[in-house]
Amino acid sequence: MRILTFTSLFPNTVQPWHGIFIYQRVVHVARRPGNSVTVVAPVPYAPSWISTPRWREARSIPTREVFGGLNVYHPRYFLLPKISMPFHGLSMFAGSLTLVRQLHEKMKFDCIDAHYIYPDGFAAVRLGKSLGIPVIVSARGTDISLFPSFRLIRPMIQWTLRNATGVVGVCEALRQSMLGLGAAAENTRAIGNGVDLQRFTPMERGEARGKLDIPGDAEVLVAVGNLVPVKGYQFLIPVMARLISEHPKIRLYIVGEGYFRSKLEAQAREEKVQDRVIFVGRKPNEELKYWYSAADVSCLASAREGWANVLLESLACGTPVVATRVWGAPEVITSSELGVLVDQNVDSIAAGLNAALQKRWDRELLVRHAASRTWDVVAKEVDGFLTLQTHPNEAKGER
């Protein structure tokens, strides 16, 4: 198939970590025999008179580049943060239409593969209708778990789901929510994310700790993700204060960055665990295996997640997880031999971490479970669904 991937959540040379999970799915679909993928990743227009770091970054993203062997285009569209959200999808559509039309005239795309239901999916469906191209949209998390609660956004999400050729949710919980929003059951599929087993492999724990300068005798927790309230770090910090009496050598390493960091650091001081909670900042995706391998347990305390990539990444490194039982987490942690599912409150998380620290885990079992869900497996499922939606006769083996 000739596929146009449309999403603003795609890495670039300025922000190589941005949307890495979408990149993994797309690049593995592109590697399947007979496929070609072109990426259009819209970027907000950044006028030169705005000098904040975010807008300077956006301004420095090239209009065209090759990333991971894929041709990637970055058309600009108008955006006023927070204010223009109800018009975000229309603006993205308008800013991308000319470029997508030109690319389609040259490439003759079989379908548009769009990621994030609003605004990206909404814009993509409008592009598909304008150019006569089938559109398959993929829900990732907040676009379905949160955005439908916004009065002005909900109708556009519903319109997108009803007018897309096909709809994918990265977990069954998202798929079920989309059915409630008007998606047709026969056109929907749950296809979870995968894990890169070349990037996430188990290391000997002592070796990993030596590389990261972590004490060999510590009980180590690691949490990976952006420092924003929805990730639940504000629950992990008081949990640390509670666990110290029973685990005097415990440490929590938080890998990530975000605007909530200063408040979390202040909270750690208030709880008197500032020497036990270490903020290490954002790390490149390829370095995360050291942190997972160094840990006794990894933890995810989120209020919302679609399919949390950190869960499979941790398991692939042989490290069990303690995670809140939200959205796709129970679809990854399918057994008590893989981790502990908890509620998002201090008591439940503390009990779960305490149990995980005391349990003897079968690291080989964890690795085998993760290895069953590689990006190649995901790409095969995605490829099959795109073919079914765009060339149903071929998918059924008919000629």
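Residues numbered from 1 in each chain as written. Predicted model: local features only at pLDDT ≥ 70, side-chain atom pairs only at ≥ 80, totals over all residues. Heavy atoms only, no water.

Focus: the overall build of the chain
Quick note on the threshold: Runs of H or I in DSSP of at least four residues are treated as helices and runs of E of at least two as strands, each being numbered from the N terminus. C-alpha atoms define the radius of gyration in this analysis, and the globule rule sets the expected value at 2.2 Å times the number of residues to the power 0.38. What makes two residues a contact is simply this: any of their non-hydrogen atoms within 4.5 Å. His is not counted, nor are the chain ends, whereas Lys and Arg count as positive and Asp and Glu as negative. Charge positions are represented by NZ for Lys, CZ for Arg, CG for Asp and CD for Glu.
Within the chain, the secondary structure is distributed over 17 helices and 16 strands. Computed over C-alpha atoms, the radius of gyration of the chain comes to 22 Å, within 12% of the 21 Å expected from 2.2 N^0.38 for 399 residues, which places it in the range of a compact globule. The principal-axis extent of the C-alpha atoms belonging to the chain is close to 65 × 55 × 40 Å. Sequence-distant contacts in the chain: of pairs separated by 6 or more residues, those separated by 24 or more amount to 71%. Charge centroids of the chain, computed over 47 positive and 37 negative side chains, lie 6 Å from each other.

Remarks on unusual backbone geometry
Backbone torsion omega between Y118 and P119 reads 5 degrees, so that peptide bond is classified as cis. Within the secondary structure, P119 is located in helix α4 (residues 117-131). Despite not being glycine, K108 has its phi angle at roughly 55 degrees, a positive value. Secondary-structure assignment places K108 in the loop between α3 (88-107) and β7 (111-115).

Considering the packing of α4 against helix α6 (residues 154-163)
Just so we agree on the cut-off: Interaxial angle, 0 to 180 degrees, is taken between N-to-C directions of lines fitted to C-alpha atoms, where a helix line uses only the stretch in contact. Each angle is binned into one of four classes, with values under 35 degrees roughly parallel, values over 145 roughly antiparallel, values of 65 to 115 roughly perpendicular, and all other values oblique. Should the near helix be turned anticlockwise from the far one by less than a right angle, the crossing is termed left-handed; should it be turned clockwise, right-handed. Gly is put with the polar residues, along with every residue not named as nonpolar or charged; the nonpolar set is Ala, Val, Leu, Ile, Met, Phe, Trp, Tyr, Cys and Pro, and the charged set is Asp, Glu, Lys and Arg.
One can describe the packing of α4 onto α6 by two numbers: an axis separation of 9 Å at closest approach and a directional angle of 50 degrees. Here α4 is positioned oblique relative to α6, judged by the angle of their axes. Note on packing geometry: the crossing formed by α4 with α6 is left-handed. Residues I117, Y118, G121, F122, V125, R126 and K129 of α4 form the contact with α6, whose own contacting residues are M156, I157, W159, T160, L161 and N163. When the residues that make up the contact of α4 with α6 are grouped by side-chain class, the tally is eight nonpolar, three polar and two charged.

A few points about the nonpolar core
For clarity, the cut-off: Residues belong to one nonpolar core when they are buried, are Ala, Val, Leu, Ile, Met, Phe, Trp, Tyr or Cys, and are joined through side-chain atoms within 4.5 Å. Using a 1.4 Å probe on the protein chains alone, a residue whose accessible area is under 20% of its type maximum counts as buried, one over 50% counts as exposed, and one in between counts as partly exposed.
I157 and L311 are the most contacted members of the largest nonpolar core, which has 78 residues in total. Broken down by element, this core gets its largest block of residues, eight residues, from α4. Beyond its immediate chain neighbours, meaning those up to four positions away, L311 contacts L300, V321, A323, A329, V332 and I333. Counting residues in hydrophobic clusters, the runner-up holds 30 residues, among them I237, M240, L243 and F279.

Quick notes on the pattern of salt bridges
What counts here: We define a salt bridge as a side-chain nitrogen of Lys or Arg found within 4 Å of a carboxyl oxygen belonging to Asp or Glu.
Counting across every chain of the model gives 15 salt bridges. Between D275 and R276 there is a salt bridge; the shortest N-O distance is 3.8 Å. In the salt-bridge network here, residues are joined through shared partners; they are R205, R209 and D296.

Comments concerning the packing of helix α9 (residues 233-243) against helix α14 (residues 346-358)
Interhelical geometry of α9 versus α14 gives an angle of 55 degrees and a closest axis separation of 9 Å. Taken together, the axis directions place α9 and α14 in an arrangement best described as oblique. Where α9 crosses over α14, the two elements pack in a sense that is right-handed. Where α9 abuts α14, its residues F235, L236, P238, V239, R242 and L243 lie against V346, D347, I349, A350, L353 and N354. Partitioned by chemical class, the residues of the contact of α9 with α14 number nine nonpolar, one polar and two charged.

A closer look at the sheet that holds β7
Definition in use: Strand pairing is assigned whenever DSSP identifies at least 2 bridges connecting the two strands.
As summarised here, the arrangement of the eight strands in space is β4-β5-β2-β1-β7-β8-β9-β10, forming an open sheet in which the pairing is mixed. Whereas interior strands pair on both sides, the edge strands pair on one side only; in this sheet they are β4 (64-67) and β10 (188-190). Within the sheet, the average angular offset between the axes of one strand and its neighbour, ignoring direction, is 25 degrees. The strands that α3 touches are β1 (2-6), β2 (36-40) and β5 (70-73); relative to β2, the one it contacts most, it runs at about 155 degrees.

Looking at the pairing of β1
Here is the rule: Here is how to tell: hold the view so the strands point away, follow the path from the first strand over the helix to the second, and if it runs clockwise the crossover is right-handed.
Summarising burial for β1: four of the five residues are buried, a large majority. Strand direction decides the pairing type here: β1 and β2, joined by five bridges, are parallel. In the strand pairing of β2, R2 is matched with S36. Crossover connection from β1 via helix α1 (residues 20-30) to parallel β2: handedness right-handed. In this structure, β1 lies alongside β7, joined through four bridges in parallel fashion. Within β7, the residue paired with L4 across the bridge is I112.

With respect to the sheet that holds strand β16 (residues 339-342)
Picture the strands of a sheet paired through backbone hydrogen bonds; they go either parallel or antiparallel. Taking strand neighbours across the sheet as the criterion, the six strands line up as β13-β12-β11-β14-β15-β16 in an open arrangement whose pairing is parallel. This sheet does not close on itself; its edge strands, each paired only once, are β13 (277-281) and β16. Taking the axes of each pair of neighbouring strands and ignoring which way they run, one obtains an average angle of 20 degrees across the sheet.

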